[in-house]
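Summary of structural features
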Amino acid sequence: MKHVLLLSTGGTIASMPGKGGLEPAISGEALLNRLGDLHGRFHVEVKQILNLDSSNIQAEEWKLMARTVYENLEKYDGFIITHGTDTMAYSASMLSFMLPALHKPVVFTGSQIPLDDMLTDARNNLFCALAAVEAGICGVSVAFNRHIIRGCRAVKVRTMGFDAFESVNARYLGEIFANGLRVYDRQEPREDRLRGLMDSVSTDVFLLKLIPNTNPKFFDHLIQMGYRGIVLEAFGAGGMHFHRRDLVEKLNMLKDHGIVMVACSQCLYEPSNLTIYEVGRKLLDCGVIPAGDMTTEAAVTKLMWALGQTDDPEEVRKIFSHNFTGEISEQTIEGASQ
Ligand code: ASP
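In what follows, the accompanying structure is described.

Rules used in this analysis
Residues numbered from 1 in each chain as written. Predicted model: local features only at pLDDT ≥ 70, side-chain atom pairs only at ≥ 80, totals over all residues. Heavy atoms only, no water. Helix = DSSP H or I, 4+ residues; strand = E, 2+ residues; numbered from the N terminus. Rg over C-alpha atoms; globule rule 2.2 N^0.38 Å. Buried < 20%, exposed > 50% of the residue type's maximum accessible area, 1.4 Å probe, protein only. Contact = heavy atoms within 4.5 Å. Areas by Shrake-Rupley, 256 points an atom, 1.4 Å probe, with all protein chains shown as cover. Lys, Arg positive; Asp, Glu negative; His and termini not counted. Charge placed at Lys NZ, Arg CZ, Asp CG, Glu CD. Pairing = 2+ DSSP bridges. Axes fitted to C-alpha atoms, helices over the stretch in contact; angles between N-to-C directions. Near = heavy atom within 4 Å. Polar contact = N/O pair within 3.5 Å; in protein donor to acceptor, adjacent residues only side chain to side chain. Nonpolar A, V, L, I, M, F, W, Y, C, P; charged D, E, K, R; others polar. Right-handed = clockwise from strand over helix to strand, strands pointing away. Phe/Tyr/Trp six-rings, centres within 6.5 Å; stacked < 30°, edge-to-face > 60°. Lys NZ or Arg CZ within 6 Å of the ring centre and 35° of its normal. Expected span 1.5 Å × (residues − 1).

**Focus on the overall build of the chain**
In terms of helices and strands, the chain carries 9 helices and 16 strands. Computed over C-alpha atoms, the radius of gyration of the chain comes to 20 Å, within 12% of the 20 Å expected from 2.2 N^0.38 for 338 residues, which places it in the range of a compact globule. Along the first, second and third principal axes, the C-alpha set of the chain runs to 65 × 50 × 35 Å. Counting the 338 residues in the chain, one finds 56% classified as buried. Taking the contacts inside the chain whose residues are at least 6 apart along the sequence as the reference set, 72% of them involve residues at least 24 apart. For the chain, the accessible surface area stands at approximately 14,800 Å², while carbon and sulfur atoms represent 49% of it. The average position of the 33 basic charges and that of the 41 acidic charges among the side chains of the chain differ by 2 Å.

**A short note on the sheet that holds strand 8 (residues 147–150)**
In spatial order, the strands read 4-1-5-6-7-8-11-12; together these 8 strands make up an open sheet with mixed pairing. Looking at strand neighbours, the two that pair on one side only are strand 4 (42–52) and strand 12 (180–183), the edges of this open sheet. Here the average twist between neighbouring strands, direction ignored, is 20°. Across 4 bridges, the pairing between strand 7 (residues 139–144) and strand 8 is antiparallel. Bridge pairing in strand 8 links Ser141 to Arg150.

**A closer look at the site of the ligand**
Near the ligand the following residues occur: Gly11, Thr12, Asp53, Ser54, Gly84, Thr85, Asp86, Ser111 and Gln112. Contact between the ligand and Ser54: an oxygen atom at 2.5 Å from a side-chain N or O atom of the residue. Within the shell around the ligand, the residues separate by chemical class into no nonpolar, 7 polar and 2 charged.

**Observations regarding the sheet that holds strand 14 (residues 229–234)**
A sheet is described by the order of its strands in space; here 4 strands give the open sequence 13-14-15-16, paired in parallel fashion. Both outer strands of the open sheet, strand 13 (205–209) and strand 16 (289–290), are each paired with one neighbouring strand and no more. Bridge count for strand 15 (residues 260–265) against strand 16 is 2 bridges, and the pairing is parallel. Bridge pairing in strand 16 links Ala263 to Pro290. Contacts from helix 8 (residues 296–309) reach strand 13, strand 14 and strand 15, with the element oriented near 165° to strand 14.

**So, the pairing of strand 7**
Summarising burial for strand 7: 6 of the 6 residues are buried, a large majority. Summarising the sheet, strand 6 (residues 105–109) and strand 7 pair through 4 bridges and their orientation is parallel. Residue pairing across strands places Val107 opposite Ser141, the latter belonging to strand 7. With respect to chirality, the unit in which strand 6 leads through helix 4 (residues 122–134) into the neighbouring parallel strand 7 is left-handed. Where strand 7 folds back on strand 8, the antiparallel hairpin that results is connected by 2 residues, among which Asn145 adopts a positive phi of roughly 50°.

**Examining the packing of aromatic side chains**
For any pair of aromatic rings, the description rests on two quantities: the centre-to-centre distance and the angle between the ring planes. Within the structure shown, the criterion is met by 7 aromatic pairs. Aromatic pair Phe206 and Tyr227: ring centres 5.3 Å apart, planes at 70°, arrangement edge-to-face. Here Phe206, found in strand 13, pairs with Tyr227, found in the loop between helix 5 (218–224) and strand 14; they are 21 residues apart in sequence, far enough to count as distant. Assessed through its relative accessible area of 18%, Tyr227 is described here as buried. When the ring centre of Phe242 is taken as origin, the NZ or CZ atom of Lys282, which lies over that ring, is 4.6 Å away. One Lys or Arg, Lys302, reaches over the ring of Phe320 and ends 5.3 Å from the middle of that ring.

**So, helix 2 (residues 59–72)**
Over its 14 residues, helix 2 extends 20 Å from the first C-alpha to the last, a length consistent with the 20 Å expected when each residue adds 1.5 Å. Ala59, Glu61, Trp62, Met65, Ala66, Thr68, Val69 and Asn72 are the residues of helix 2 that are buried. Summarising the contacts, the buried residues of helix 2 are in contact with strand 1 (2–10), strand 4, strand 5 (78–82), helix 3 (88–98), strand 6 and helix 8.

**Notes on the environment of Ile230**
Tracing the backbone shows Ile230 in strand 14. Residue class for Ile230 comes out buried when judged on its relative accessible area of 0%. When residues no more than four places from it in sequence are discounted, the contact partners of Ile230 are Phe206, Leu222, Leu254, Ile259, Val260, Met261, Val262 and Leu303.

**Observations concerning the environment of Pro216**
Among the structural elements, Pro216 can be located in the loop between strand 13 and helix 5. For Pro216 and Glu249, which are 33 residues apart along the polypeptide, the C-alpha to C-alpha distance reads 8.5 Å. Every residue in contact with Pro216, bar those within four places of it in the chain, is listed here: Arg245, Asp246, Leu247 and Lys250.

**So, unusual backbone geometry**
Of note in this structure, Asn213 is not a glycine but carries a positive phi near 85°. Among the structural elements, Asn213 can be located in the loop between strand 13 and helix 5. The class for Asn213 is exposed, based on a relative accessible area of 52%. Its identity is not glycine, yet Glu270 carries a phi of approximately 75°, on the positive side. Structurally, Glu270 can be placed in the loop between strand 15 and helix 7 (278–285). Using a relative accessible area of 59% as the deciding quantity, one classes Glu270 as exposed.

Fair warning: the whole summary comes from geometry, so function is off the table for now.
Right, here's the structure in full:
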């Protein structure tokens, strides 16, 4: 019998039709009751810590989730966090960093259709999350549509389909088949890894998706607004324009202001590589840190987290370039130490 703490935070899974559209309304306790028979395999306790659409989940809520898990770590075999799907990938990534080297499962799940709807996928996803806890898949993961995805590799890719999440540049941790859950990776933490709660983050991080014609003057505003870190979603393997509208010159200015810059790709799959093209190498020359094959969600949350640990841009570079929890394949970070 596994002892599980279910933290409910809202999202579609807990939503009901309200005056202004679907809104979170079902309590954590009610979620559990509606799940019904747990087959004698789980004892689940519930803490409703939030009741929000996940569009409203930000740094304060990440800290609350991480702290609640941390404070209860020794009392339970695992944790399920029910969460809206829209920003679940950000929360799962951030908790992967805030709770390093977890030796217990922390499984995010939610649904595309509210639990009360006849066609809901919520029950399926919740049982998938329970199965991940039962199998002892350690660390932060996302359980959705019969797949278990490493938290820092999950990306929401569909607005309506039940296969809303994909595991990007990493294989699933587990998959449910007709003969049960097949586990590919239990994510057991290395014993030498530091454990604890590391929940300091900086919210002064901006994500810029480049488009052809991006106006370089935009970067002046980022400096004025006090941003400390910028994630650039660059073209293809990692390029940006310097003809006529010279973004490279601006990046040098940002660097002089101590702003940490990271580049990832606009392509969902496969790694960025800033060493291939001139338009990428120029980024490296400006001190931009390559994000390798990290998802944008992982790059954004990791930069927020790294800036929460230190003010020193060189330290941030070191932290950002280190693989903590499978968020980056080490062979994909060419040029990181330049
Ligand atoms: N808007 C909802 C949320 O993210 C969507 C969902 O849960 O699927 O809270």
